[in-house]
Amino acid sequence: MEETKFIWMDGKLVPWQDAKIHILTHSLHYGSAVFEGIRFYEANNKPAVFKLEEHVKRLFKSAEAFGAKIPFSEQEISQAILNTIKENNITSGYIRPLVYFGYGKMGLGVKDAKVNVSIAVWPWGSYLGEKAVRVKTSSFIRIHPKSSIMEAKISGHYANSILASEETHAQGFDEALLLDSEGKIAEGPGENFFIVKNNKLLTPKKGTILPGITRNSIIQLAKDMNIEVIEKDLTLEEVYSADEAFFTGTAAEVTIIESIDNKQIGSKERPISEKLKSTFLDIVHGKNPKYKDWLTEII
Ligand code: PMP
């Protein structure tokens, strides 16, 4: 990863190399941190953060899952994110706010445990590459919604994501697709999933997924283009016979899917996915005034 100058830790910018924590940090042992992934883009010659408010709100909602009280307000965290980008003097990249239980308490109880917050930013290009990706369904099922709080972006959930990703990469594929306990489609390890069938956009309903901010944005864009959007359970059979398929996520943006389990999805013509992808990329780069509210410029 590309280093930048400063990382914000509990209210102060510290040099990248000095952004260290104690080995007995609670969240390192138990996966009890919550975090965000946010992107900022160069838009009209300035860095601009995509959907800053939604991401900060989700961070605070995620922290509530553990009853963690973030010792800053939403406004203070938003401002800290903007300042961290500015002080690092980079025009585009990825933002990683992390809320974690720090040093001082071991064992599973987190009541009264110290809550720390950090914000790192670094340049990060395309996550899954520019080309359409080859996907494989994982033998690991997505975490059961009754096993956790799926709306929360809890670091421990990513053990499931890492297992699925590593398995899939070892088999020579680009990305995993996780099913739920009933065999319905859930999501990618770090992405939401969509198909296009008969000019309609279909995506797994909320429940077993992290309801992504990019997912929401794509649903809204599709509706604004008069494309019908259906949120429902999807089977693998429906997916194999789809006309188009793609992933969405902050890191993955809109990543078109070439094949799933070695079955080619549709043809090489993917008009709806391509249109949604190019509209999304125009918006994040400040080229679509209709959606300028989705960006927070850094001045
Ligand atoms: N699902 C999972 C498991 C994720 O980690 C992510 C990335 N945050 C997403 C979906 C997509 O969410 P978003 O569009 O908010 O980045």
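Residues numbered from 1 in each chain as written. Predicted model: local features only at pLDDT ≥ 70, side-chain atom pairs only at ≥ 80, totals over all residues. Heavy atoms only, no water.

1. What about the overall build of the protein chain?
- Helix and strand counts for the protein chain stand at seven helices and 17 strands.
- What you see for the protein chain is a C-alpha radius of gyration of 19 Å, in line with the 19 Å of a compact globule of 299 residues.
- Projected onto its principal axes, the C-alpha coordinates of the protein chain cover approximately 55 × 45 × 30 Å.
- By the burial criterion, 52% of the 299 residues in the protein chain qualify as buried.
- Considering only residue pairs separated by 6 or more positions, the protein chain has 69% of its internal contacts joining residues 24 or more positions apart. (Helix = DSSP H or I, 4+ residues; strand = E, 2+ residues; numbered from the N terminus. Rg over C-alpha atoms; globule rule 2.2 N^0.38 Å. Buried < 20%, exposed > 50% of the residue type's maximum accessible area, 1.4 Å probe, protein only. Contact = heavy atoms within 4.5 Å.)

2. Quick word on the pairing of strand E2 (residues 12–15)
- Here strand E1 (residues 6–9) pairs with E2 via four bridges, running antiparallel. Looking across to E2, one finds that Phe6 is bridged to Pro15.
- Linking E1 to E2, which pair antiparallel, is a turn of two residues; within it Asp10 sits at a positive phi near 50°. (Pairing = 2+ DSSP bridges.)

3. Some details on helix H5 (residues 213–224)
- With 12 residues, H5 ought to run about 16 Å at 1.5 Å a step, and its terminal C-alpha atoms sit 17 Å apart, in line with that.
- Those residues of H5 lying buried are Ile213, Thr214, Arg215, Ser217, Ile218, Ile219, Leu221 and Ala222.
- Remark: Asn226 follows H5 within two positions and exhibits a positive phi of approximately 65°. (Expected span 1.5 Å × (residues − 1).)

4. Here's the deal with the domain arrangement of the protein chain
- Assigned domains within the protein chain: domain 1 (6–122) and domain 2 (133–284).
- Between the C-alpha centres of domain 1 and domain 2 the distance comes to 26 Å.
- Between domain 1 and domain 2, the contact holds 20 residues from the first and 18 residues from the second.
- Contact between domain 1 and domain 2 buries roughly 1600 Å² in total, counting both sides, with carbon and sulfur atoms accounting for 64%.
- Ionic pairing is found between Glu253 and Arg39, a salt bridge with its closest N-O pair at 3.8 Å.
- Where domain 1 packs against domain 2, one counts 10 residue pairs in polar contact (both at pLDDT 80 or more).
- Listed by contribution, the elements that provide at least two residues to the side of domain 1 that touches domain 2 are strand E3 (34–35), strand E4 (38–43) and helix H2 (52–65).
- Ranked by residue count, the leading element in the side of domain 1 that touches domain 2 is H2, at five residues. (Domains from an automatic or database assignment. Buried area = accessible area lost by both parts, 1.4 Å probe. Salt bridge = Lys/Arg side-chain N within 4 Å of Asp/Glu carboxyl O. Polar contact = N/O pair within 3.5 Å; in protein donor to acceptor, adjacent residues only side chain to side chain.)

5. Details of the site of the ligand
- The immediate surroundings of the ligand are formed by 15 residues, with Tyr158, Glu187, Ile213, Thr214 and Thr250 found nearest.
- One of the side-chain nitrogen or oxygen atoms of Arg58 is found 2.8 Å away from an oxygen atom of the ligand.
- Between the ligand and Tyr158 there is a distance of 2.4 Å, counted from an oxygen atom to a side-chain nitrogen or oxygen.
- Burial of the ligand by the protein amounts to 96% of the accessible area it has alone, namely 380 Å².
- Class assignment for the residues of the shell around the ligand results in four nonpolar, six polar and five charged. (Near = heavy atom within 4 Å. Areas by Shrake-Rupley, 256 points an atom, 1.4 Å probe, with all protein chains shown as cover. Nonpolar A, V, L, I, M, F, W, Y, C, P; charged D, E, K, R; others polar.)

6. Brief notes about the nonpolar core
- Core analysis: the largest hydrophobic core is formed by 31 residues, its most contacted members being Val49, Ile70, Ile77, Ile81, Ile85 and Ile95.
- At the level of elements, E4, H2, helix H3 (74–88), strand E6 (93–101) and strand E7 (115–122) are the ones that each hand at least two residues to this core.
- In contact with Ile77, not counting residues within four places along its chain, are Trp8, Val56, Leu59, Phe60, Phe72, Val117 and Ile119. (Core = buried A, V, L, I, M, F, W, Y, C linked by side-chain atoms within 4.5 Å.)

7. Looking at helix H4 (residues 158–170)
- If you check H4, its first and last C-alpha atoms are 18 Å apart, about what 13 residues at 1.5 Å a residue would give, namely 18 Å.
- All of the buried residues along H4 are Tyr158, Asn160, Ser161, Ala164, Ser165 and Thr168. Buried residues of H4, viewed axially, fall in a sector of 145°; they line one side. Those residues of H4 that are exposed and aimed more than 90 degrees away from the buried face are Ile162 and Ala170. (Arc of directions from axis to C-beta.)

8. What about the layout of surface pockets?
- Considering only enclosed or pocket space, the largest pocket measures out at about 600 Å³ in volume.
- Along the walls of the largest pocket sit 32 residues, with Phe35, Lys153, Tyr158, Pro189 and Gly190 positioned nearest its centre.
- Examining the composition of the lining of the largest pocket, we find that five residues originate from one element, H4, more than from any other.
- Classifying every residue of the lining of the largest pocket gives 11 nonpolar, 12 polar and nine charged.
- Counting contributing residues per domain, the lining of the largest pocket is built from domain 1 (6–122) and domain 2 (133–284), each supplying no fewer than three.
- Its boundaries defined by the atoms lining it, the second largest pocket holds a volume of some 330 Å³.
- If you trace the second largest pocket, you find 18 residues lining it, with Ala19, Ile21, Leu98, Tyr100 and Ser118 closest to the centre. (1 Å grid on protein atoms, 1.4 Å probe; cavity = no way out; pocket = protein on both sides within 12 Å on 5 of 7 lines; lining within 4 Å. Points joined across faces, edges and corners; volume = space filled by probe spheres on them.)

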